Every structure is written in structure tokens, then in C-alpha cells.
Amino acid sequence: MPKTHNRFFTSFLIGAAMLVSSSVQADVESTDPIILTLHDWTGQYITTTIMGRVLQEMGYNVKYQQADYLAQFAGLESGDLHVAMEMWETTGKDAMEKSLATGNTVDLGETGMQAIEEWWYPIYMKDKCPGLPDWNALNDCADVFSTAETAPSGRYLGGPVTWGGYDDERVEALELNYEVVHAGTDAALFAELESAYQRKAPWLGWVYTPHWAPIKFEGEFVEFPRYSDECYTDKSVGVNPDMAYDCGKPRGWIKKVGWKGGEEKWSCAYNAIRAFTIDNQAMGTMVGEVDLDGKSVEDVVEGWLNANKDTWTSWTQCS
Amino acid sequence: MKEPLVMRMPGFWPTGSYRALCVWIIFLAGSMLVAGFGEHWSWAVNFPRDWTVPLRYWISDFMEWLTKDLDFGLFTFKEMTRSITWLLEWPLMFASGLLVSGFSFSSDPNAEVVLHPLPWIALIGLSMILGHWVRDWKLALLTGTCMAYLAIFGRWESAMITLSAISIAVPLGILGGLLIGILAHRKAGFARTIEPVLDLMQTTPVFAYLVPVLFLFGFGPVAAMIATMIYATPPMVRVTMLALSRVPAESIECGLMQGCTRRQLLWKVMIPSATPGLMIGINQVIMLSLNMVIIASMIGAGGLGFDVLSSLKRLAIGSGLEAGIAITLLAIVLDRLSQSFARRGPGMRKRKGGLFIHRHLHLTVAIVLLVGTWFISTYLPFARAYPESWTITTSGFWEDLVRWINVSYFDQLEAFKNFLLLNILIPVKRFMLATPWVVVVAFVMLLGYRLGGWKLALLTVCLTLLIAFTGGWKKGMITVYLCGISVVFASLIGIPIGIWAAHSERGHRIVQVCIDTLQTLPSFVYLIPVVMLFRVGDFAAMLAIVAYAIAPAIRYTDHGMRQVPTQLVEAAKIFGCTRGQILRKVKLPIALPEIMLGINQTIMMALSMLVITALVGTRDLGQEVYIALTKADTGRGLVAGISVAAIAIICDRLIKAWVAKRRTALGIDGN
């Protein structure tokens, strides 16, 4: 048995050696493909494709690999995957910090986009519940938002348990007469919204942006007391003097993360990735073009590249 | 007067009904006692948190050690697994080069493709030639239509990515399963050790071992392929063991008399005569591998699975359905071809005499087709890749259909849902959660003892305690509730359908098609419409489980009813039984063991759907597995996965013990 393993291992070494030797040709540090991860939402697809196209313009080889948003850290740490373009403070912060602590991944800075996550309702609900978007109106309308299972409380569809968000705590701290139901996935969450929107039926749930949903469906975020760090940590701060979480959710950065080893291997590329920024507005427009107008991601990205040549060429200046 | 009657009729409890009654009365009294003194004996009602064994952390630490520290001197454990990945990448690269990307013969990924992949026309043609070669024109037409669907609906490239992964994983799974099965057949000791391992491989949800597989084999198609093989190989092993043990002793003796060596005996006598049995295993490997396509796409396999997932994330129901059907059709093509191939008698294979063309007509046509289309495709782009403007889609129709149902019938559906939810689901859930854990353990033990003696009782109790002590009790009970209710509904719907199918040939054929589709169509495809119509929650999850798990209930009932000896039915007719009486008093009792095996399979499939239903927000062990996956927590996922497997094994053993007893009582030979 050990002998076969040895043979596997030698062939493994030879293979690795072949890969290394074949990689000195272009004017970039290494022509080994830089592997960018793709997740399952359009916005991330677009940011990743923009970055990939820019890196290609610089002469690098680029490969895209589908990977789970959180499970990808295993790959980023081992160097199977190299760059993840969107890590949201609101959902991925813990996993990212845990991964950075291993020393095998590196923080590649913010993307310039701002994540907003909050309770959200379709615009037609304003007729049924005139006090909105102020959160104080929620309790008056609990019966409007209730279903047979939750009555007499209202029903709020939260994100998957893994997203965190402290909604159960928020309901308690703000004394909201609502029951938090957790959707298992993003898809289930928006399937319910779509269904309710078709029927113009009441719906209250967790929506975030940049995302296609607030573009496709007209609606508003509920206005809770503004978030502050103290509100989450200090019980005495906020509307309820005895409890924490008596405010809205934080708005957060969206960062890029990379495999540590890539820093040396493709230093210029990593600089370009660090320099990448885009704002919510531009992103929202592109997401809308893809998801609502049915254009392909590649076409939309190509359009952006042509229109913003100065922006992205500035990223490619190696320092 | 009543007593002897009870003794003669094989009752639900096979022996001594009075003693059994006493035992159950004592059990009931005990449970009430525990429930009544709940306040004082809180440890007996809710499982105490500090009794929990931190198994999940041990597993996580072990995994960490395995991937980071284990070193064999010359190379580390991780390097070993990674070299396996590297090795498996070669056939995969070849297959995807042939079907998807073509070959460039250069290490530079941007180099121009020198050898184009197989053109779509060639593959459709090839599948038809294959269909005709293994059977007839009808099969050729079927395979051709299925493959044409892939092109016409714009799924060609994704389908080829999936096909290239499948075309490596399936043969490897079959070969591996066959070899392990042969070894187990030869060495009884090995068979005994491998049995529980196979149980675990089949019942642990795939999501549970996805994280360790990722750690060891890296991100990408190879990891997905290995996960597929873990899931799809066990039936092949089992089938091999069974098929080899059923080879007639005369054949073996005959082989021995001819002076066969051991190797010759195996490959020339036993394997050929076991082929029909082995084909069931091959069919299972293909079906299960295609089942895995969606999950594999989550860890980088891409292909049709990714199409389904990404469409449904965008709520593009129609396009998700089209991609899902593509998976089903691919399964049908592979299944029908392999089935027919096995059924071809050895005599059909050779046509003697004449020119090469006459002897190998199919081969010649295939070669001409390949060379011709390959040549054309270098010059004409439309032959290389199916032009996008030629594709059609029905997705708008499906979206409008769901919208129409949603807008016009939501209130009725909601009323129906609320009725079931408030009257059945919620009360049962409350009851399950309120039952003291000690009572459940005692109940499982008694059941095990009554059905299979002390050994079975010991096994079931150990497995139940495993769930309790690893901290999964509450979620375990929700699992039992959700699966239990789903299985009851699946049986209530499935058994009558099975009975109908057994009495009508046409019904049988219709049902077969429906079952095959339900089993290979990815459940994601109907999960999203179900959520749209029934909202997130237990009810939507239950519907999805029932839809997926109903197939074996129908299939086994159909099979069991058909196996009722005709003499018995004739005898009943002579006695003047009505049709209803024949069904109730003769056919159903005799078919019951078979039906129970079907329900057993239904339970297994319901449990395997758990993780998928976690996606619509259930709070059971499936959710635990899913959370562990998203957090890349090996220990947490495996512990929850093993708890699911424990529930499955308990149900399986209890039902099989009951079936065995019942069969002896009825005087039917068990298999």
C-alpha cells in the first residue's frame, strides 16, 4: 500500500513541477489561472465578471469556479480558490474573521458598495397600514400582517437562521407583536414575496440590497431607530432601557477576500483587486439590466467596461 | 371461543397477545407516571443539557488533525488525498475535453482549441445508433428525442458538463461497488464489517460529509464526483453480494467440473449468470448519481445542477423546470441504454461472415458520422455549438401557470393548508415535543424486544441514546414528526395508487413513468412553486417530502399485489368472495410484508429529503446539517447526519423484523 501512495505522490510532484515550469511566458508574474469564486446572486456574478475581465486585460489567466458563499473559505485557505469578490459584513463577517485569523487568507479591502438589510414591505401595504414606514405603526397593523398560524400576532419572514440579524431579539426589545418565521434560503424568501406581490397580499420580510428584489418589486424598508454599536451591546441605550437590539440593523461594507499565497504570486493582480470599487447605484442598474431586462451578464459587463475605461484602467496601475 | 381464533390468525403482534397487552399497559402506566411527575423528574422529561457528549467538537478536532498534522513521513495525509484528486482529474479533463471544451494541447488556458469537442449532431446521432444497436428503432427514437431536447431547449453545454462528470463517476462507482461486493461475497467477516458502513453511507445525508470531502479533496468537480460516489455506490455493493449468492449451485459445480480456476469461475461463470441482478445495481448507481447533480453543483460541479439552482434563485420557475427535466431525460437515456444492453443475449452480438461493413454496420455508421460531423464542425460554427437562435423555451408558460394558480386559487389552498396544519400537524408536533425522552427510549426498546428480541432492543436503544447524548434530541423529535406525518400521507396516497396499478396494465405503465420522473426530477424544481403557494414552513416541507418519497410506496404495493399467488385468488373466488373481500381478506394481508418494505423505503427517502426541506425553513436535524454546511463545521454536520442515519436504521431494523415474523407466520419464504 505505501508504495502506491508513493507513486501517487511522485506523480503529484511531477505534475506540480510541470505546472510551474510552463508558467513563464507573458509579462505578468504568473500565468497560472487566478480562480475567482462565483456564488448564486447576480450582483456577485457581475462584480466577479468585471474583475475577471479587468485581470484578463492585464494579461492574467482567469478561471471562474462556483462555490458556496461560506463554504468557500475552506478553498480560499488551502489555495484551491483564490479570490472572492463579495463578502458582506452583515452575513459573512464571522466566517471571514475566523478565516483571516488562520493567516491563510487576506482582506482585500472594501468594494465601495453598502449592504442594507432591513424589514421590508411592498408599497401597496401603505394603504392598508398608513403609519408605515415608521416602525411604531407595525403594532397597529399586526392583524394585517398575520396568518392563521401566527394570529393574532403579525408574521415577519426572516432570513435563514445562518444569516443572524437578531430579529427575534429585536421583536422582543421593541415589544413588537410579531412572530419571526425563518426562511431556509434566499430563494424561499423571495418566492414568498413574489407570490404575495402577485396577489397584492400583505407581506413583511427581510430584504437586502444590492439585490434584484427591491428593483423588481416596489416597496420600502421599515424605519427602525437608527443602529449604533452601543444599541447592540449596551442594554440601557435605545428605546427600551432594559434590552439590547432595540434598533435597526447595521449597514455594512462588502469586502473582497483572497488567498494569502496569491499576494506574492500575482502581486500586481492583487493590487488591482484591492483598487476595485463600484457604488450601489451602478451595481443596481446592472443587476436590473440582467434580471429584469434579460440581458446576459457578459454583455452588461462589457457595456460597463466600455463606458468606464478610465475607472478600471486606473486600477491596473501597479504601484 | 375467541381465544383460538386469535391464536390462529397471525395478528399484528406475532406471539402471545395477552402477554403483549400486559407489557404495553405497564408501559403506558409508566409513561403517565413520568409525565405526571414531570416537575420533579425534569431530567426524565427534557434531556439534561450537561449530559451531552461533545462529540461534534471531537470530530472537528480530529478532522483538523487529519488535514493539518497527520504526516506519514514522506508525505502528509492531505497530500495523499490531494494526489487522488489529481489522479481523478485526468479522466475528468479528458471527458470534458471530449464533450465540452475541446483539446488545445497546451498548458496555456487561453490557447486556441485545436480539436473541437464532439458536435451536438454527432452526439445525437451516436445516441440513436447506440439505441438501435442495443435494441431497436423505438429506443433509437427515444434516445434521439431526449438528446435533441437538450439542444433545442438550450441546455446542451450544461448537459455535457453533467454528462462528462457522470460518465466518469458512474463507471468508477460500478467498478468499485462490484469489487467490494465480490470481496464481501468471498469473505464473510468482511461482509459483516461492511454492512453497517453501507447503512451509514446510504442514510447519512450528503450535506453532512460534503465539508470533510471539500477539506480533503479540494474545491471543484472532483470533490463533487467523490461525494457522488460515496452516495451512489452502496446499492451496487449490496446488489453484487445478493446476486452472487443467488447464482445456482449447479452452475458453480458445472464450472468447477470444467476445471475453472477461481478467477475463471468468478468472471466466466458467476458474473455472467448474475448479470440480470447486477443490472439493478447499475441502474441504481446511474439514478442516484443523477440525483446528486444538484448537490454536486453546490461544490463546483457546474452543469445542469447549477442551471436548476441559479434559475430557482432568480425564481425563474420555468427555466428551472426545463433544466430539471433535462436531468430526468439524461437519466432516462442512460438507464434505458444500460438496461437494454444487459438484456441483449450473447447470441445477438456477433454477425458472422461478409464484409467488415456488414459485420459491424453500427460501428461503421458511427465512425462515418463522427468523422463527417467533426470535419464539418471545423468549418461551420452551427454544427459545433447549437445556435442560440434555434433554441426555444416554455418558461413563460410555467411562470404564468403558477401565477394564475396563485392569484385565483390561493385562498382555497390556504384554507386547505390551515385545516391540516391546525388539526393534524401542529398537535402532533406538540405531542412529540412534549413526550418525555425516557418514555420514547422505553417505547423504542419495547418495540425492538417484541419484534426482534433482546439484540434488536439493544441496538435500537443504543441508537436512540446516541441521538440524545450528542445533543440532538429536540431536533430529532421534530425530524421524526415531520417524516412520520409525511410517510403516513405518502402511504395513504401511494398504496391505493399501487393497488390500482396492480389491477390494470395501463395504470401500471402510466404510474411507472410518473414514478421515474418524480424520482429523478430534482426536488428543487417543485420546492419553489410549493413555497409560493403554501408559504415557508412545515406544510411546504411536508408536500415536498411526500412528492419525493411516494414512489417506493406505489412501486412495492404494485409489486406485492402482483405476487399474490393466483391459486389463492381463485380459491377465494370459488368460496364466493366479492372483489372487495378478495382485496381486503386475501390480497392485502398477503401483500402486506412487501408493502411494509415499500413503506420502509419511503421512510428512507423521506429522511434523505430532510436537508432539502431545510431550505424552506424546517427546524429539524436537516436544518442542523445545512447550518453546519454553510459554516463549514465538520463535527456538527456529521453528528447531525449520523443522528439522521440512526433514525433511519432504527426504522429499518424494526420494520424488517416485523416483516420477517409476519412472513414466517404466513408461511411465505422470505427473500
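Residue positions are given per chain, counting from 1 as you read along its sequence in written order. The lettering of chains begins at A and the numbering of ligands begins at 1, in the order of writing. At least 70 in pLDDT is required for a residue's local features to be given in this predicted model, at least 80 for side-chain atom pairs to be given and counted, and no such filter applies to totals for whole chains, interfaces and linings, which use all residues.

Draft legend 1. Main features of the domain arrangement of chain A. Residues and elements named next belong to chain A. Examined at the domain level, chain A breaks down into domain 1 (28–112 + 254–315) and domain 2 (115–233). An automatic or database domain assignment provides the domain bounds reported here. Look at where the C-alpha atoms of domain 1 and domain 2 centre, and you get two points 30 Å apart. Whether two residues are in contact is decided by their C-beta atoms, placed from the backbone, lying within 7 Å. Taken together, the contact pairs 15 residues of domain 1 with eight residues of domain 2. Only runs of H or I of at least four residues qualify as helices and only runs of E of at least two qualify as strands under DSSP, and these elements are numbered from the N terminus. Within the residue set of the side of domain 1 that touches domain 2, elements represented by two or more residues are helix 2 (42–57), helix 4 (89–101) and helix 13 (280–291).

Draft legend 2. Spatial organisation of the interface of chain A and chain B. Across the contact, 46 residues belong to chain A and 54 residues belong to chain B. Counting residues per element, the ones that place at least two in the side of chain A that touches chain B are helix 1 (2–21), strand 2 (62–66), helix 3 (72–78), strand 6 (178–182) and helix 8 (186–199) of chain A. It is helix 8 of chain A that provides the largest number of residues to the side of chain A that touches chain B, a total of ten residues. Residue composition of the side of chain A that touches chain B, grouped by class: 21 nonpolar, 16 polar and nine charged. In this count, Pro and Cys sit with the nonpolar residues alongside Ala, Val, Leu, Ile, Met, Phe, Trp and Tyr, while Asp, Glu, Lys and Arg are called charged and the others, Gly among them, polar.

Draft legend 3. How the structure looks around the environment of Met225(B). All names here are of chain B. Of note, Met-225 is situated in helix 11 (residues 221–232). In this scheme every C-beta is placed from the backbone, and a residue whose C-beta has 20 or more other C-beta atoms within 10 Å is buried, one with 12 or fewer is exposed, and one in between is partly exposed. Given 27 C-beta atoms within a 10 Å radius, Met-225 is considered buried. Considered as a pair, Met-225 and Val-438 are 213 residues apart in the sequence and their alpha carbons are 42 Å apart. Ignoring any residue separated from it by four or fewer positions in sequence, one finds Met-225 in contact with Leu-88, Leu-92, Ala-165, Ile-168 and Ala-169.

Draft legend 4. Summary view of the nonpolar core. Counting residues in hydrophobic clusters, the biggest one holds 268 residues, and the most contacted among them are Ala227(B) and Val531(B). Setting aside residues no more than four positions away along its own chain, Ala227(B) makes contact with Val206(B), Tyr209(B), Leu210(B), Val213(B), Met292(B) and Ala296(B). When buried Ala, Val, Leu, Ile, Met, Phe, Trp, Tyr and Cys residues are joined through C-beta atoms within 7 Å, the set is termed a nonpolar core.

Draft legend 5. Expanded view of the domain arrangement of chain B. Residues and elements named next belong to chain B. Domains assigned within chain B are domain 1 (80–111 + 159–349), domain 2 (118–152 + 354–388) and domain 3 (411–439 + 472–666). Spacing between the C-alpha centres of domain 1 and domain 3 amounts to 26 Å. Taken residue by residue, the interface counts 27 residues in domain 1 and 30 residues in domain 3. If you list the elements that add at least two residues to the side of domain 1 that touches domain 3, you get helix 9 (188–203), helix 10 (206–217), helix 14 (262–291), helix 16 (304–313) and helix 17 (317–343). Sort the elements by how many residues they give to the side of domain 1 that touches domain 3 and helix 17 lands first, with eight residues.

Draft legend 6. Broad picture of the packing of helix 28 (residues 579–614) of chain B against helix 30 (residues 634–666) of chain B. Residue and element names in this part refer to chain B. It is the contact of helix 28 with helix 30, at a shortest axis distance of 9 Å, that shows an interaxial angle of 175°. Comparing their axes, helix 30 and helix 28 come out roughly antiparallel. For the pair formed by helix 28 and helix 30, the contact residues are Ile-590, Leu-592, Pro-593, Met-596, Leu-597, Asn-600, Ile-603, Met-604, Leu-607 and Leu-610 on the first element and Val-644, Ile-647, Ala-648, Cys-651, Asp-652, Ile-655, Trp-658, Val-659, Arg-662, Arg-663 and Leu-666 on the second. When its residues are assigned to classes, the contact of helix 28 with helix 30 shows 17 nonpolar, one polar and three charged. To obtain an axis, a line is fitted to C-alpha atoms, over the contacting stretch when the element is a helix, and the angle between two such axes runs from 0 to 180 degrees between their N-to-C directions. For classification purposes, an angle smaller than 35 degrees is called roughly parallel, one larger than 145 roughly antiparallel, one from 65 to 115 roughly perpendicular, and anything else oblique.

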